[in-house]
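Letter by letter, the chains look like this.
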Amino acid sequence: IAPITTPLPKCKGVTGDIVFMVDATMGKRRMKMVINFIKNMAKTMPISDTRARVGAVFFASRVTRVIKLLGSQKKFFFELDKAHTSKGITNTGLAIEYVSKHLLKTKRKNKRLTIVLFVGDKSYAKGQPVLQASLLLTKNVEIIGIGGGKSYNRKQLIKMSTSGYYYTIKKFENLPYILNNVANIVCKKSNRKLKTTTAVAPLTTTKPGKVVPPKPPTHCDTLPKSYNISCCIAGRQFIYDRSWVSTGNGKCAVKEELAWLLHVKSAVIKFAGAI
C-alpha cells in the first residue's frame, strides 16, 4: 500500500451513520493508534444531527464500551478518549449482534449504517462472527473490515466484510497508509441509497463474486417448483430451493440446493432419480 500523498477527502455530502467497532484486546499502544485513525477519519466528515453521525463499540469477550450515535465531533472525541483496553477473548460475533439489536434501532430512517471493524485477534468461533455479520449485511448495512497484526483470522475477516471491502496490515503502525482509502469508501458507502428490498445471494453462485451464467430454459422449467426460506437450524439461517433440471434424453430430475445465507457455507447440491 502506498503512503498517503493526497489530502484526505472531505465528505461534504455524506449523510449516513457510521459506527467504529474496535477489538479492545489489542493492547494500549495499538488502541491509541486505532483511536487516532478514527479521529482523523471523523475530521473528514460533516458531523451533525442532520448530516453524518458517528458512534463506536469496543468489545472483548463482551461489549465493554458503547458510544451512541452522536452529531457532535467534540462529544465523540471526548467519549473516544475514555476508551480503554480489556482482557479476554475477541468475541466479534457478540459485538456485531449487539449492534444489530441496539445501535441499528437508533439509526435514522432512510439513512445507511456503515461499520468500520478493527480486529487484532482471531474472533471467537462460538460467537458465530461470520453468521452475525452475514445477517447484518442483509439489513442494508455495510461492513469495512480492517485486520492488523499476526493473530487475526484473514479468511474470517473477509467473510465478515462487505464483498471486497477489507484491509489487512502487518502492524498497526501502517494504519495511516490506508486512511485515505478507507475514508473514501466510507464517504461513498454511507451516502448510498437504501435498497427497497433485501436481496439474497443467488443459489447459482459457487463463489462470492463469481456467478454462474443461467442455462437456456428447458421443458423441465415448466414443472412445479417450491421455494422456501427457513430460520434457523442450529442457530444458522439458510435458504432452500427445489426445482427440476434436465438430465438429457427428455428426462428431468429433482434438484435441491441448500445454502447458508450469504454463503456462510458452500451450497450443497444433490440429485434424485430421473423421471
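None of the values given here were measured: they were computed from a predicted structure. (Residues numbered from 1 in each chain as written. Predicted model: local features only at pLDDT ≥ 70, side-chain atom pairs only at ≥ 80, totals over all residues. Heavy atoms only, no water.)

Moving on to the overall build of the chain. A tally of helices and strands in the chain yields 6 helices and 12 strands. Looking at the chain residue by residue over its 275 residues, the buried ones come to 45%. Taking the contacts inside the chain whose residues are at least 6 apart along the sequence as the reference set, 67% of them involve residues at least 24 apart. When the accessible area of the chain is evaluated, it comes to approximately 14,800 Å², of which 54% is carbon and sulfur surface. (Helix = DSSP H or I, 4+ residues; strand = E, 2+ residues; numbered from the N terminus. Buried < 20%, exposed > 50% of the residue type's maximum accessible area, 1.4 Å probe, protein only. Contact = heavy atoms within 4.5 Å. Areas by Shrake-Rupley, 256 points an atom, 1.4 Å probe, with all protein chains shown as cover.)

Across the sheet, 6 strands lie side by side as E3-E2-E1-E4-E5-E6; this open sheet has mixed pairing. Either end of the sheet is taken by a strand with one partner, and the two such strands are strand E3 (63–70) and strand E6 (166–169). When strand polarity is set aside, the average angle formed by the axes of neighbouring strands in this sheet is 10 degrees. Where strand E5 (residues 141–148) and E6 come together, 4 bridges link them in parallel fashion. (Pairing = 2+ DSSP bridges. Axes fitted to C-alpha atoms, helices over the stretch in contact; angles between N-to-C directions.)

Our focus in this paragraph is the pattern of salt bridges. Note that side chains of opposite charge can pair when their charged atoms are close. In the structure shown here, the tally under the stated rule is 8 salt bridges. Lys 39 is the partner of Asp 81 in a salt bridge, and the nearest nitrogen-oxygen pair spans 2.7 Å. Placement of the pair is Asp 81 in the loop between helix H2 (73–80) and helix H3 (92–106) and Lys 39 in helix H1 (residues 28–42), with a sequence separation of 42 residues. Its salt-bridge partner being Glu 79, residue Arg 65 comes within 2.7 Å of it at the nearest N-O pair. In this pair, Arg 65 sits in strand E3 while Glu 79 sits in helix H2, placing the two residues 14 residues apart along the sequence. In the salt-bridge network here, residues are joined through shared partners; they are Asp 17, Arg 53 and Arg 108. (Salt bridge = Lys/Arg side-chain N within 4 Å of Asp/Glu carboxyl O.)

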